[in-house]
Amino acid sequence: MASIDLTIGYVIHMLFAGLWTGSVLFMTYGVLPIAREGSIDTDPFADITSRLLTLSRASALILFLTGGHLAGNLYTVGTLTGSTRGYLVIAMIVLWLALAGLVEVGTSKISDGLAERKLREPANNARPFFLAGSVAALGLLVTAGLLLGGF
């Protein structure tokens, strides 16, 4: 029964990791360039930003809960701090925190500018945070791949 709980936790963890990282990458490479050109209205841009923030917060929470459950069942303090797999898990935690923070700051930059009915400036101001967030998102996926590959 415990293996079923771990499998369900792992599936939920991976689903939300994919949704979160994919949405950040899409915002960075699909939405922000259009906003920086001024080719989107402020209302749809605000809606997309709000939905991303909601998805990001929900994903961060679910990943914290499922990741904590998985780590609590699969690792000890010794294996987290004394093995390559443990270091990868710690790297994931750091990248998770970075991604959550970068999305929060990036969406805040957008929201602040949109409140003034600006479009290009908030998109430009948010861009560095989303670029860094995309790097963190890709880092999370690579780290997960290394863990899956038995590294």
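Residue numbering note: each chain is counted from 1, following its sequence as written. Since the coordinates come from a predicted model, pLDDT governs what is reported: local features require at least 70, and pairs of side-chain atoms require 80 or more to be given and counted, while whole-chain, interface and lining totals use all residues. In computing side-chain values, all of the structure's heavy atoms are included and hydrogens and water are not.

Novice: Explain the pattern of salt bridges here, please?
Specialist: In a structure, side chains of opposite charge can pair up when their charged atoms sit close to one another. Note on definitions: salt bridges are taken to be side-chain nitrogens of Lys or Arg within 4 Å of carboxyl oxygens of Asp or Glu. Enumeration over the complete set of coordinates arrives at 5 salt bridges. The residue Lys-118 makes a salt bridge to Glu-121 at a minimum N-O spacing of 3.4 Å. Think of it in three bands: with a 1.4 Å probe and only protein chains considered, a residue is buried below 20% of the maximum accessible area for its type, exposed above 50%, and partly exposed in between. A residue is classified by how much of its surface remains accessible, and Lys-118, at 32% relative accessible area, is partly exposed. Judged by its relative accessible area of 43%, Glu-121 falls in the partly exposed class. Each of Glu-116, Lys-118 and Glu-121 takes part in salt bridges that share partners, so that together they form one network.

Novice: So what exactly am I meant to see when it comes to the environment of Ala-17 here?
Specialist: Secondary structure counts use DSSP, requiring at least four H or I residues in a row for a helix and at least two E residues in a row for a strand, with both numbered from the N terminus. With respect to the element layout, Ala-17 can be found in helix H1 (residues 2-37). A C-alpha to C-alpha distance of 17 Å links Ala-17 and Thr-28, two positions 11 residues apart in sequence.

Novice: Sorry, what's going on with the layout of surface pockets here?
Specialist: Vacant regions in the atomic arrangement are exposed by a probe of water-molecule size rolled over the atoms. In the cavity and pocket records, a cavity denotes points on a 1 Å grid over the protein atoms alone where a 1.4 Å probe fits but cannot get out, a pocket denotes an open set with protein on both sides within 12 Å along at least 5 of 7 lines, and lining residues are residues with an atom within 4 Å of a point. Grid points are joined across faces, edges and corners, and a volume is the space filled by probe spheres set on the points. Empty space within the largest pocket amounts to approximately 670 Å³. Forming the walls of the largest pocket are 25 residues, and the residues nearest its centre are His-13, Gly-67, Leu-70, Val-89 and Met-92. At the level of elements, H1, helix H2 (42-74), helix H4 (84-115) and helix H5 (120-148) are the ones that each hand at least two residues to the lining of the largest pocket. Classifying every residue of the lining of the largest pocket by side-chain character gives 20 nonpolar, 4 polar and 1 charged. Classification convention: Asp, Glu, Lys, Arg as charged; Ala, Val, Leu, Ile, Met, Phe, Trp, Tyr, Cys, Pro as nonpolar; all other residues, Gly among them, as polar.

Novice: Whenever I open this one, H2 confuses me. Can you help?
Specialist: Think of an α-helix as turning once every 3.6 residues; residues three or four places apart then point the same way. Across its 33 residues, H2 extends 46 Å between first and last C-alpha, which sits within 8% of the 48 Å expected from 1.5 Å per residue. For H2, the complete set of buried residues consists of Thr-42, Phe-45, Thr-49, Leu-52, Leu-53, Ser-56, Ser-59, Ala-60, Leu-63, Thr-66, Leu-70 and Ala-71. Every helix has an expected span of 1.5 Å times one less than the residues it contains.

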